[in-house]
Amino acid sequence: MQRKTIVISGIGAITPIGEGVDAYWEGLINGKSGAVPISGFDASEYHCKFACEVRNFDAAKYLDRKSLNRLDKYCQFGIITAEMAMKDAKFHLPDMDTTRIGVVYGSGIGGMISYDEQFRGYMSGGPRRVSPFFVPQMIPDMAAGMISIRNNLRGPNYATVSACATSLHAMIDAYMILQHGMADIMICGGAEASITPMAIAGFGNMQALSTRNDSPETASRPYDKDRDGFVMGEGGGAFVMETLESARARGAHIYAEVAGIGMSADAHHMTAPHPEGEGAVRSMQMALDSAGITAAQLDYINTHGTSTPLGDIAEVKSIKKLYGNSTDALSKVNISSTKSMTGHLLGAAGAIESIACLLAIKHQTVPPTINVFNQDEEIDVNVTANKAQERSISYVLNNGFGFGGHNATLIFKKI
């Protein structure tokens, strides 16, 4: 099978630091933190009392009242970002063969807000208080389903669920579907809305979240010696991915080529990464081999970088192994974690971080890792700390790792 050139021709984003792609990029390059005290419920008794919320978001600007009443917030994020991406890609659906357009759009948890609300109703009033829309509101595939239904997209359609690797797996699956000729265009990405009492309690009680309640805006600090956990985020990111032939035929703008893909498993632990980053190395090397390049050709790596003590070290160890521990080669690649600004969007993390990668290529600028006050001496790589950096960028690598040992890597190439 002859390999096809697959490109990104449209993007859409809703993030804690900006609604829409332009606002998101402005937040990134200006080092804006999205962390704020939790507003959706009383978090006074919780270990962690803050998160990266999407503030002042009005879904009614995009969706009708019936849809708002029937769709969980994660699903709203999914639909809206997908339709942003289709608009960006200059879709005119009446003139398009929608049997050749598919959707792979994931969520790591799904309708957690609906689950919390419906469970409280059940506990206070019994089974009659549970909405007939509860199941479709909750299940993580409904964003993919509704994107298809609203836009009559009749190609392959499903969701990926692999914790924090979810949306990168969605993009990888979309890429493979296009390579196999099962569609000409794919809508892909991920959304999450899990800033809820149960989710914050669960992640907090497993000591995964930062408890820097006195300074939320500095709490997400990947690579800093005093990092103490991740900050929950919410939002979504979407892409129009298609063959180069299809994009050119439509006269679409092209952000970059999807040059390489990689996947692996740690087979190590439910929540902890492999301490030496063994699975991550294999995922990244697979992506490099897929792209036909070496690590020395990478200009920027957007890491998974969650701000957890174990995770950041393991990923940096894996990157150093990828470069054969060559300090000279490592000094030439910029490394940053945009989770320092957006927080961790779980299943949507890879999507919004891939958008950051595409915009880094477009603007030839590396977004920073903010809150690096005292860089961990074990993280002896070229961290782009606290300030964006202009540089020549042709190849960007993006990592996403999920609970369960799921590893996914994408490489984007400037066209």
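A brief report on the enclosed structure follows. Just so it is clear, the model here is predicted, and its values are computed rather than measured.

## Details of the overall build of the chain
Okay, so step 1: Helix and strand counts for the chain stand at 14 helices and 15 strands.
Okay, so step 2: In summary, the chain has a C-alpha radius of gyration of 20 Å against a globular reference of 22 Å for 415 residues, a match within 12%.
Okay, so step 3: Per-residue burial over the chain gives 60% buried out of 415 residues.
Okay, so step 4: In the chain, once contacts between residues fewer than 6 apart in sequence are set aside, the share between residues at least 24 apart is 78%.
Okay, so step 5: As presented, the chain carries roughly 16,100 Å² of accessible surface, and 51% of it is formed by carbon and sulfur atoms.
Okay, so step 6: Taking the 35 positively charged and 42 negatively charged side chains of the chain as two groups, their mean positions are separated by 4 Å.

## So, the state of the cysteines
In a disulfide, the sulfur atoms of two cysteines are held together by a covalent bond.
Okay, so step 1: This model, assessed by the stated rule, comprises zero disulfides.
Okay, so step 2: Free cysteine Cys-75: the closest other cysteine sulfur is in Cys-188, separated by 17 Å.
Okay, so step 3: Taking the relative accessible area as the measure of exposure, Cys-75 reaches 1% and is therefore buried.
Okay, so step 4: Considering cysteine sulfurs only, Cys-188 is the nearest to Cys-357, which forms no disulfide, with 14 Å between them.

## Some remarks on the side chain of Asn-398
Okay, so step 1: By the element assignment, Asn-398 lies in strand E14 (residues 395-402).
Okay, so step 2: Reaching out from Asn-398, the side chain makes a polar contact with the backbone oxygen of Gly-350 at a distance of 3.4 Å.
Okay, so step 3: Of note is the side chain of Asn-398, whose polar atom sits 2.9 Å from the side chain of Ser-354.
Okay, so step 4: Once residues within four sequence positions are removed from consideration, Asn-398 is found in contact with Leu-168, Asn-302, Gly-350, Glu-353, Ser-354, Cys-357, Ala-408, Thr-409, Leu-410 and Phe-412.

## As for the packing of aromatic side chains
Okay, so step 1: As enumerated under the stated definition, the model contains seven aromatic pairs in all.
Okay, so step 2: Aromatic pair Phe-203 and Phe-230: ring centres 5.5 Å apart, planes at 75°, arrangement edge-to-face. Pair noted here: Phe-203 is in helix H8 (residues 197-205) and Phe-230 is in the loop between H8 and strand E8 (235-243), with a separation of 27 residues, a long-range link. For the pair shown, Phe-203 and Phe-230 are each scored as buried.

## A look at the pairing of E14
Okay, so step 1: Burial within E14 is extensive, with eight of its eight residues counted as buried.
Okay, so step 2: Across three bridges, strand E10 (residues 300-302) lies against E14 in parallel orientation. Each bridged residue has a counterpart across the sheet, and for Tyr-300 the counterpart in E14 is Val-396.
Okay, so step 3: Sheet topology note: the E14/strand E15 (residues 406-413) ladder contains eight bridges and is antiparallel. Bridge pairing in E15 places Gly-402 opposite His-406.
Okay, so step 4: Here E14 folds back onto E15, and the loop between the two strands holds three residues, one of which, Gly-404, carries a positive phi near 100°.

## Topic: helix H11 (residues 309-322)
Okay, so step 1: For H11, which comprises 14 residues, the first-to-last C-alpha distance of 21 Å matches the rise-based estimate of 20 Å (1.5 Å per residue) to within 8%.
Okay, so step 2: By the criterion of burial, H11 is predominantly enclosed, with 10 of the 14 residues buried.
Okay, so step 3: For H11, the set of buried residues is Gly-311, Asp-312, Ile-313, Ala-314, Glu-315, Val-316, Ser-318, Ile-319, Lys-320 and Leu-322.
Okay, so step 4: Lining the buried residues of H11 we find helix H10 (278-291), E10, helix H12 (327-330), strand E11 (334-336) and E14.

## Section: the nonpolar core
It is characteristic of soluble globular proteins that their nonpolar side chains tend to be buried jointly.
Okay, so step 1: In terms of nonpolar packing, the biggest core is built from 49 residues, with Ile-11, Phe-239, Met-241 and Phe-412 touching the most fellow members.
Okay, so step 2: Put simply, the parts of the chain that give this core at least two residues each are strand E1 (6-15), helix H1 (21-29), helix H7 (166-179), strand E7 (185-192), E8, strand E9 (256-265), helix H14 (349-363) and E15.
Okay, so step 3: If you tally residues by element for this core, the top one is H14, at 10 residues.
Okay, so step 4: By size, the runner-up hydrophobic cluster in this structure holds 33 residues, among which are Met-84, Ala-143, Ile-185 and Ile-187.

Cut-offs and rules
Residues numbered from 1 in each chain as written. Predicted model: local features only at pLDDT ≥ 70, side-chain atom pairs only at ≥ 80, totals over all residues. Heavy atoms only, no water. Helix = DSSP H or I, 4+ residues; strand = E, 2+ residues; numbered from the N terminus. Rg over C-alpha atoms; globule rule 2.2 N^0.38 Å. Buried < 20%, exposed > 50% of the residue type's maximum accessible area, 1.4 Å probe, protein only. Contact = heavy atoms within 4.5 Å. Areas by Shrake-Rupley, 256 points an atom, 1.4 Å probe, with all protein chains shown as cover. Lys, Arg positive; Asp, Glu negative; His and termini not counted. Charge placed at Lys NZ, Arg CZ, Asp CG, Glu CD. Disulfide = S-S within 2.5 Å. Polar contact = N/O pair within 3.5 Å; in protein donor to acceptor, adjacent residues only side chain to side chain. Phe/Tyr/Trp six-rings, centres within 6.5 Å; stacked < 30°, edge-to-face > 60°. Pairing = 2+ DSSP bridges. Expected span 1.5 Å × (residues − 1). Core = buried A, V, L, I, M, F, W, Y, C linked by side-chain atoms within 4.5 Å.

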